[in-house]
Protein chains: 2
Amino acid sequence: MYYGAMTETLDIQAPDAVASAPLHSLLGDLITTAHRLTRLAAHETNRTESPATWRTLSVLQAHGPMRLGELARQSRVTQPTMTKIVRGLDELNWIKRIADSDDARASLIASMPRGEAALAEWRETLGTALVPFFDGLTDDEQDTLRRAVDILRDRADLRSSAPSAGAAK
Amino acid sequence: MYYGAMTETLDIQAPDAVASAPLHSLLGDLITTAHRLTRLAAHETNRTESPATWRTLSVLQAHGPMRLGELARQSRVTQPTMTKIVRGLDELNWIKRIADSDDARASLIASMPRGEAALAEWRETLGTALVPFFDGLTDDEQDTLRRAVDILRDRADLRSSAPSAGAAK
DNA sequence: CCATAATACATAGCCAAGCTATGTATTATC
DNA sequence: GATAATACATAGCTTGGCTATGTATTATGG
């Protein structure tokens, strides 16, 4: 646990680090900001139903039905965690499990109409709650955000990126 | 709980909604993506120390010492939650409490050097873990992200924005 | 073709981080 | 100086993470 002497940028690093230093720093800010936004949303809508629910439904809606394990990987949570979330969604009848005829161990998780409806409703609520915070946005700024979201969504998706640490093992 | 018929955009809304519809939709995507990014970060770094810790330290670093209540508001959590987080940080000696001579009920929360060091270290780890995901970014894309983060950070900050639902009461 | 390994999910049990409701000390107010 | 308001702490609950492990199914090697 080192400390002391951290004025701005770090100078001594591996070669190639010079070029990626701003990216490094950007990523730190990005994640911190992302977390604050998530809190902002939860706080302002103060719904009890949990962010994880919406995140999961969003993934399902974006990518269509998939197996529980795949859903876990896409959501960057472990399989047991996803089992729990899916059980909750199942009890609400927001998703259904479609048996896989080829593999009796697995089933496809598919969102149900009322799950999609609930998600849409939540997004509405969210929009209404957050609009005040983004009130004076110029068209240009709004455009920047739109493009940023598209970039990030793409990068956060599984297929493109390295699986890495947590997922494996 | 309504369901059925949600093909893309909603048409019937209050006046003025037409103009803000894309913003609504943008915000939905934004929050979902933000949450996925937070998970991505947690998953890839698989540190145990919890996002809330870093978020709190970041707020402290950005705005300087402040009272616990203020810190809670900035972080968009309730006061008891912040009490818990601060206790944890205190035990680690990552923050200290500075008694307020004018008001014996309150004290200022200030980050300690080793707290700042830990935060910096985490940001390093984070950068290293996430760089692979953002590998082929063009300069233009990186610039877009930078600008987006700046906009969002500003909007998520307290002073500018409406306090609203959760905080009040 | 059967035994073993690998896979897909479920279960159990733990902890962190949210929340509401309530308590306790201090400060402000009439 | 009593009452109200404020700032934080405590208690107790829920959710959403995690690891470790169990159970059923499928794949594989001799």
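Residues numbered from 1 in each chain as written. Chains lettered and ligands numbered in written order. Predicted model: local features only at pLDDT ≥ 70, side-chain atom pairs only at ≥ 80, totals over all residues. Heavy atoms only, no water.

With respect to the protein's contact with DNA strand D
Among the 27 residues in the neighbourhood of DNA strand D, the closest are listed as A:S50, A:K84, A:A104, B:Q79 and B:R105. Protein-adjacent atoms of DNA strand D, using a 4 Å cutoff, are sugar or phosphate at a proportion of 60%. With respect to DNA strand D, the side chain of A:K84 contributes an N or O atom lying 2.3 Å from a base oxygen. A distance of 3.4 Å is found between a phosphate oxygen of DNA strand D and a side-chain nitrogen or oxygen belonging to B:H43. Looking at the surface near DNA strand D residue by residue, the classes come out as eight nonpolar, eight polar and 11 charged. (Near = heavy atom within 4 Å. Polar contact = N/O pair within 3.5 Å; in protein donor to acceptor, adjacent residues only side chain to side chain. Nonpolar A, V, L, I, M, F, W, Y, C, P; charged D, E, K, R; others polar.)

A closer look at unusual backbone geometry
Residue and element names in this part refer to chain A. Even without glycine at this site, R76 takes up a positive phi of about 60°. Positive phi, close to 60°, is recorded for N93, a residue that is not glycine. Note on placement: N93 falls in the loop between α4 (79-91) and β2 (95-99). Classification of N93 by relative accessible area gives partly exposed; the value is 42%. (Helix = DSSP H or I, 4+ residues; strand = E, 2+ residues; numbered from the N terminus. Buried < 20%, exposed > 50% of the residue type's maximum accessible area, 1.4 Å probe, protein only.)

Details of the side chain of A:T45
Residue and element names in this part refer to chain A. Structurally, the position occupied by T45 is in helix α1 (residues 17-45). Relative accessible area serves as the criterion here: at 12%, T45 is assigned to the buried category. A polar contact is formed between the side chain of T45 and the backbone oxygen of A41, at a distance of 2.8 Å. In this structure, T45 is in contact with T125, L126 and A129, ignoring residues within four places of it in sequence. (Contact = heavy atoms within 4.5 Å.)

Concerning the protein's contact with DNA strand C
Taken together, the neighbourhood of DNA strand C is formed by 27 residues, with A:Q79, A:R105, B:S50, B:K84 and B:A104 sitting nearest. Taken together, the sugar and phosphate atoms account for 61% of what DNA strand C places within 4 Å of the protein. One of the side-chain N or O atoms of A:R87 is found 3.3 Å from a phosphate oxygen in DNA strand C. Side-chain polar atom of A:R105 to a base oxygen of DNA strand C: 2.5 Å apart, as the coordinates give it. Contributing elements (two or more residues each) for the surface near DNA strand C: α1, α3 (68-75) and α4 of chain A together with α2 (51-63) and α4 (79-91) of chain B. Considered class by class, the residues forming the surface near DNA strand C number eight nonpolar, eight polar and 11 charged.

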